[in-house]
Amino acid sequence: MKALLVVEDDDLAEMVRCNVQPLGLDIIHYRDPIKALDNLDEIAPDAVIMSARDYPRHWKTIVVDIRAARPKAACAIILLKGEYFPFEEAAKAAYLGVNGVIKENISEPAELDRFVQILKRYIQ
């Protein structure tokens, strides 16, 4: 099973990798959201983890493209939000079919637990 990770921060990418691999997911990491979007069909990810802070405009395009082909149950999408994530953005995420929005700081035990629980719920 594959997870697409679209974040700029290498430390965050490594933290996600360490917590996702025990679930049986291999990470494919992109720093460029346009390249990730171009390769979505070839990758066919089972999960997408994307930084809404790093890519405040691109995450919507990627979510729409994935949801056009795959429902929530077939591909989990988790947004990692920064300090500022207004209610309007959360409403857009829900409308577009994002499975979960969590804080980018997954080193906090509560956020890490939410992150893993969301993935476990949707990953077979």
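Everything that follows concerns the structure shown earlier in this document.
Residues numbered from 1 in each chain as written. Predicted model: local features only at pLDDT ≥ 70, side-chain atom pairs only at ≥ 80, totals over all residues. Heavy atoms only, no water.

Please give an account of the sheet that holds strand β4 (residues 76-81) that cites residues and values.
One open sheet holds the five strands; their spatial order is β2-β1-β3-β4-β5, and the pairing between them is parallel. Where the open sheet ends on each side, the last strands, each with one partner, are β2 (26-30) and β5 (100-103). This sheet shows a mean twist of 20° between the axes of neighbouring strands, independent of strand direction. Taken together, the four bridges between β4 and β5 define a ladder with parallel strand orientation. Across the sheet, Lys-81 pairs through a bridge with Lys-103, a residue of β5. (Pairing = 2+ DSSP bridges. Helix = DSSP H or I, 4+ residues; strand = E, 2+ residues; numbered from the N terminus. Axes fitted to C-alpha atoms, helices over the stretch in contact; angles between N-to-C directions.)

Lay out the packing of helix α4 (residues 58-69) against helix α5 (residues 87-96) in plain terms, naming residues and giving numbers.
How two helices sit against one another is set out by the angle between their axes and by the gap between those axes. At a closest axis distance of 10 Å, the pairing of α4 and α5 adopts a crossing angle of 15°. Relative to α5, the element α4 is oriented roughly parallel. Remark: the crossing between α4 and α5 carries left-handed chirality. Touching Trp-59, Lys-60, Val-63, Val-64 and Arg-67 of α4 are Glu-89, Lys-92, Ala-93 and Leu-96, all from α5. Among the residues forming the contact of α4 with α5, the class breakdown is five nonpolar, no polar and four charged. (Parallel < 35°, antiparallel > 145°, perpendicular 65-115°, else oblique. Left-handed = near helix turned anticlockwise from the far one by under 90°. Contact = heavy atoms within 4.5 Å. Nonpolar A, V, L, I, M, F, W, Y, C, P; charged D, E, K, R; others polar.)

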